[in-house]
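# Fold and contact review
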Amino acid sequence: MATFHQRVFSGMQPTSTLHLGNYLGALTNWVAMQETHECIYCVVDMHAITVWQDPADLTRAIREVTAAYVAAGIDTKKSIIFNQSQVHQHAELAWVFNCVARLGWLNRMTQFKEKAGKDKENASIGLYAYPALMAADILLYKATHVPVGEDQKQHLELARDIAQKFNNDFSAQIAEKGLGTGELGFFPQPEPMIQGPAPRVMSLRDGTKKMSKSDPSDYSRINLTDDAETIATKVRKAKTDPEALPSEEKGLEGRPEADNLVGIYAGLNGQTKAEVLGQFGGGQFSGFKGALVDLAVAKLSPIAGEMRRLLADVSHIDAILGEGAQRAEAIAAPIMRDVKDLVGFVSRR
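Residues numbered from 1 in each chain as written. Predicted model: local features only at pLDDT ≥ 70, side-chain atom pairs only at ≥ 80, totals over all residues. Heavy atoms only, no water.

## Re the overall build of the protein chain
In terms of regular secondary structure, the protein chain is built from 14 helices and five strands. Taken over C-alpha atoms, the radius of gyration comes to 22 Å for the protein chain, in line with the 20 Å a tight globule of 349 residues would show. Projecting the C-alpha coordinates of the protein chain onto the three principal axes gives extents of approximately 70 × 45 × 45 Å. For the protein chain, the proportion of its 349 residues judged to be buried stands at 49%. Pairs at least 24 residues apart make up 77% of the contacts formed inside the protein chain by residues separated by at least 6 positions. Accessible surface, the protein chain as shown: approximately 16,600 Å² in total, 51% of it carbon and sulfur. (Helix = DSSP H or I, 4+ residues; strand = E, 2+ residues; numbered from the N terminus. Rg over C-alpha atoms; globule rule 2.2 N^0.38 Å. Buried < 20%, exposed > 50% of the residue type's maximum accessible area, 1.4 Å probe, protein only. Contact = heavy atoms within 4.5 Å. Areas by Shrake-Rupley, 256 points an atom, 1.4 Å probe, with all protein chains shown as cover.)

Right under this line is the structure:
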């Protein structure tokens, strides 16, 4: 039976410094995936400009995110790392998908409503059409699996809808030109990839809010660029409550800050919350925070150090992105040529 080649695609926006939430929620899984899958990891700089970015800051952020990928353990020999804007086929396929997707589909995307807020008339067209570009990112490589968080599941469903509609709209041409994968069509139906219960990392200042790059307080998050002293200070200053740590997970209910710090320890140490509480339950936060400081510094400060080393040589970072873009385009270009052929465009031969 015909099947699509198994391939993983994912990416992060270079809109600010990556933090502990990005590391535990995505990067650690990405590193593990490259041992079992063919992986393409993109710095999605075209998505970043859906809202205004200072050009100099964007350039710095693209390189910084690339350094974070490598420092966290993504192997440039095993996986492809590149920035989206270097492979022009992303934009080309996005336009085709803008013409395949229906307005009603995009109107249902909740993230646009959240990001645009009340002033939707002042939002960019790019922010509105962003899910079609995300679909193009995935399907340009005929990726079969996409690691996604809760906030991106709706966009992946849209990518599946676009793939199906393209396959249906051009089914006759796909069959005539022999460009499909059996009855599966030209594009696959990408599947969400869930690698165990990725911890939801919350703000160190407010356990009810997600750790965010946009929070005005730098003490709300641990950045991947933070040195050992900064990491230790932020953990010690993290908000807690006056009660002792419970011995069972049920005791974390209604205690968001305690739940968050236990979850962070568990994520960094590869444990469950129950295992962490089995070790520290009944103790005061002062002792637990000391252990968390030691663990966080041991796990994260080497990443920050390696990022600093990499970023000291911008030409090396740019070479990683350039080589990755060449490898990505080698996959993307033939697929985009076939798309143009199926749509009916006349191309240079």
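## A closer look at the packing of aromatic side chains
Two aromatic rings are characterised by how far apart their centres lie and by the angle between their planes. The tally for this structure, following the rule as stated, stands at 13 aromatic pairs. With a centroid separation of 5.6 Å and an interplanar angle of 75°, the aromatic rings of F97 and F187 are classed as edge-to-face. Here the residue F97 occupies a position in helix α4 (residues 89–100), and F187 occupies one in the loop between α9 (171–177) and β5 (191–193), the gap between them amounting to 90 residues. A relative accessible area of 0% places F97 in the buried class. Seen from their ring centres, F166 and F170 are 4.8 Å apart, and the 45° between their planes marks the pair as tilted. A residue is classified by how much of its surface remains accessible, and F166, at 0% relative accessible area, is buried. Among the aromatic residues, those joined into a cluster by ring pairs are F97, F166, F170, F186 and F187. (Phe/Tyr/Trp six-rings, centres within 6.5 Å; stacked < 30°, edge-to-face > 60°.)

## A closer look at helix α7 (residues 125–139)
With 15 residues, α7 should reach 21 Å at 1.5 Å per residue; the first-to-last C-alpha distance of 21 Å fits that figure. Within α7, the axis deviates most sharply at P131, by approximately 45°. α7 sits mainly inside the fold: 13 of its 15 residues count as buried. (Expected span 1.5 Å × (residues − 1). Bend = angle between axes of the 7 residues up to and from the residue.)

## Here we look at the pattern of salt bridges
Counting across every chain of the model gives 15 salt bridges. As a salt-bridge pair, D341 and K177 come within 3.7 Å of each other at their nearest N and O atoms. Of this pair, D341 sits in helix α14 (residues 314–343) while K177 sits in helix α9, and the two are 164 residues apart along the sequence. On the basis of relative accessibility, which here comes to 26%, the residue D341 falls in the partly exposed class. The salt bridge involving D259 is made with K273; its shortest N-O contact spans 2.7 Å. In this pair, D259 is assigned in helix α11 (residues 256–269) and K273 in helix α12 (residues 273–280), connecting sequence segments 14 residues apart. Here the residues in one salt-bridge network are D218, R221, D226 and K234, joined through shared partners. (Salt bridge = Lys/Arg side-chain N within 4 Å of Asp/Glu carboxyl O.)

## Focus on unusual backbone geometry
Trans peptide bonds make up the majority, and among non-glycine residues the majority have a negative phi. Notably, K142 is not glycine yet its phi reads approximately 50°, a positive angle. Residue placement: K142 occurs in the loop between α7 and β4 (145–147).

## Here we look at the packing of α11 against α12
In the contact formed by α11 and α12, the axes pass within 9 Å of each other and the chain directions differ by 105°. Taken together, α11 and α12 sit at an angle that is classed as roughly perpendicular. Note on element contacts: α12 touches α11 through K273, V276, L277, Q279 and F280, opposite D259, V262, G263, Y265 and A266. For the contact of α11 with α12, the class distribution of residues is six nonpolar, two polar and two charged. (Axes fitted to C-alpha atoms, helices over the stretch in contact; angles between N-to-C directions. Parallel < 35°, antiparallel > 145°, perpendicular 65-115°, else oblique. Nonpolar A, V, L, I, M, F, W, Y, C, P; charged D, E, K, R; others polar.)

Such coordinate-based values are descriptive only and should not be taken to indicate function.
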